[in-house]
Amino acid sequence: MDGAFIIETIVKIVVILLVFSALSGFGTYVERKVLAFMQRRLGPMHVGPYGLLQVAADGIKLFTKEDIIPQNVVKPIFKIAPVITAATAFMAAAAIPFWPQFTAFGYTVHPIVSDINVGILYVMAMMAIGLYGPLLGGMASANKWSLLSAARSAAVFISYEVITGLALLAPLMMVGSLSLIDINNYQIGGISHWIAVSQPVAFILFWIAAFAETGRTPFHLVANDHEIIDGFGTEYSGMRWGLFFIGEYANMFFISFVMAIVFLGGYGDGTIAGALGLLLKVSFFFFFFLWTRAAWPDVRPDQLMRLCWKVLMPIAVVNVVITGVVMMLTRGNG
Amino acid sequence: MNTEPFNDRNVNELSAYYYVDIENYPVTAWDKFKQVVKRSLKGELFVGLWVVLREMIKFDIHTVQYPKEKLPIGPRYRAVHKLLRLWESGFERCIGCGLCEKICISDCIRMDTRIDENSRKEVTEYSINLGRCIFCGYCAEVCPELAIVHGGRYENASEQRAHFVIKDDMLTPLDFLTAGQQEEYPGFGAITPHEDERVTKTPLAY
Ligand code: SF4
Ligand code: SF4
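These numbers were taken from a predicted model, which means no experiment stands behind them.

Peer 1: Explain the site of ligand 2 here, please?
Peer 2: Taken together, C94, I95, G96, C97, G98, L99, C100, M111, Y126, C143, P144 and I148 of chain B make up all the residues around ligand 2. Its residues placed into classes, the shell around ligand 2 shows 10 nonpolar, two polar and no charged.

Peer 1: Would you take a moment to explain the interface of chain B and chain A for this structure?
Peer 2: Often the size quoted for an interface is simply the accessible area lost on bringing the parts together. Taken together, the contact between chain B and chain A spans 14 residues of the former and 15 residues of the latter. Buried surface at the junction of chain B and chain A, both sides included, amounts to about 1,500 Å², of which 73% is carbon and sulfur. Counting the surface chain B buries against chain A, the share from its top three residues, L49, V52 and M56 of chain B, is 35%. Applying the counting criterion to the chain B and chain A interface returns one salt bridge. Where chain B touches chain A, the interface holds five residue pairs in polar contact (both at pLDDT 80 or more). Residues of the side of chain B that touches chain A, tallied by class, amount to seven nonpolar, four polar and three charged.

Peer 1: I tried to follow the domain arrangement of chain B on my own but got confused; where do I start?
Peer 2: Domain boundaries assigned for chain B yield domain 1 (11-56) and domain 2 (81-191). Taking the mean C-alpha position of each, domain 1 of chain B and domain 2 of chain B sit 58 Å from one another.

Peer 1: I keep staring at a nonpolar patch on the surface and nothing clicks. Help me out?
Peer 2: Taken together, the side chains of F5, I6, I10, V14 and L18 of chain A make up a nonpolar region of the molecular surface, amounting to roughly 450 Å² of accessible area. Counting through the fold element by element, I10 of chain A comes out in helix α1 (residues 3-38).

Cut-offs used in this document
Residues numbered from 1 in each chain as written. Chains lettered and ligands numbered in written order. Predicted model: local features only at pLDDT ≥ 70, side-chain atom pairs only at ≥ 80, totals over all residues. Heavy atoms only, no water. Near = heavy atom within 4 Å. Nonpolar A, V, L, I, M, F, W, Y, C, P; charged D, E, K, R; others polar. Contact = heavy atoms within 4.5 Å. Buried area = accessible area lost by both parts, 1.4 Å probe. Salt bridge = Lys/Arg side-chain N within 4 Å of Asp/Glu carboxyl O. Polar contact = N/O pair within 3.5 Å; in protein donor to acceptor, adjacent residues only side chain to side chain. Domains from an automatic or database assignment. Patch = residues over 30% accessible without salt bridge, like charges linked within 9 Å, V, L, I, M, F, W, Y side chains within 5 Å. Areas by Shrake-Rupley, 256 points an atom, 1.4 Å probe, with all protein chains shown as cover. Helix = DSSP H or I, 4+ residues; strand = E, 2+ residues; numbered from the N terminus.

Structural data, given as structure tokens:
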């Protein structure tokens, strides 16, 4: 482990941290605009041209707001919970290749912090640990809404971990590797090689589960405004709440990256076109998160649980079995 | 928009109201299964997606950017009061009769009068406590001279309530009047159009 490697890694970490913090801020702007347009509104218009600086205004507000810690909360846990959400979201980013490797100034850059051989497993595990943010924050808040939200988040996240895991299992059986780069390289041959084509069921299942994992609208039960105020975030203010927020949006971006890489061919053969294609796919997934928020109602928690255990999980299991059988038949003893 | 069809609340073939077609709940397992299939394959989720996307593409925005743009308000809107002047002479219309002070149900009009050197009743003070006024419009309606009327100024945020309510604030300024900018009030208590034609003589003998 030489000095150049350490410096390179630190630079990558800083870049990813900065870019995705900024992106999650920008994501809120995009979300407001898209939702507004879909509801025939204009959205933020006053701060900066077309409201572009709204993000900066929000940032200033969040940073300068008083950090209130209510009296009856469990203070250390209450304080650490938002950090868990934001930190795990960014830690998950370590194994995601954001761009094919390229050469700049005679130096080959791998835009992935660490190409560990269990990449996808690591990403999913980190996102699963992200559960502790809402869970601990909600339980430490001494607030009924927060407690309800914590209970829901535990139920929803753990249930849908099962779906994401099982949905990913089938593609992973085909690829034979857990590294996201290997998964990407498996699909180099163009659209017909995309895993979404050979594994459409797994793709849809993972996509559905992604909504639950990020707590976005059809499954927005963890912080459902009209039932439980802001859920686990009710008692939070200032930048602690902001960390939850950044975590949520960073998670949306990262899971969009994972979906694009695992199912839609990622950056393909690593040319610029492929890389731009990856960004397009990610933007589409991100847009879809906003789109459904404008179009679809929320489901009830019991419906969500039933959907998970009685519908999605059996489908996922059957999908895995079928994939296995087909692989066994087509590859012989390979 | 023509609201006529909506005024008839009776559901018939002429009205805009109609009964929503609600199917009976399925009883047998087969019926339930058919309903599930029908609902799943109808793609209602995608209809929803399409509707919002269509609105986004059409970009038919209805936002009014309020401080910059304002929606017109109706002539009968009852906002902060105004005291008007006579068009020809520029005198104040108010004759100091005190009817508005009397009728005000919030008891928030206060006025002071005196007889001036021409033996004319002059209103020296006139104020409305807008903190108490409920903008009922009775003062404007009762005023025989169309002197106190409601204006269209609904933005009454200020450092002090008193900013709107002193006589000088409400009275049309003279230069405003000579510039012909005093607007006649078509709203509450104003004379309806063609009033002359509708007036009939009171018969002398019953
Ligand atoms: S609007 Fe009603 S409450 Fe207000 S001053 Fe006139 S009579 Fe009084
Ligand atoms: S009712 Fe009209 S004329 Fe009489 S005092 Fe009031 S404003 Fe003046």
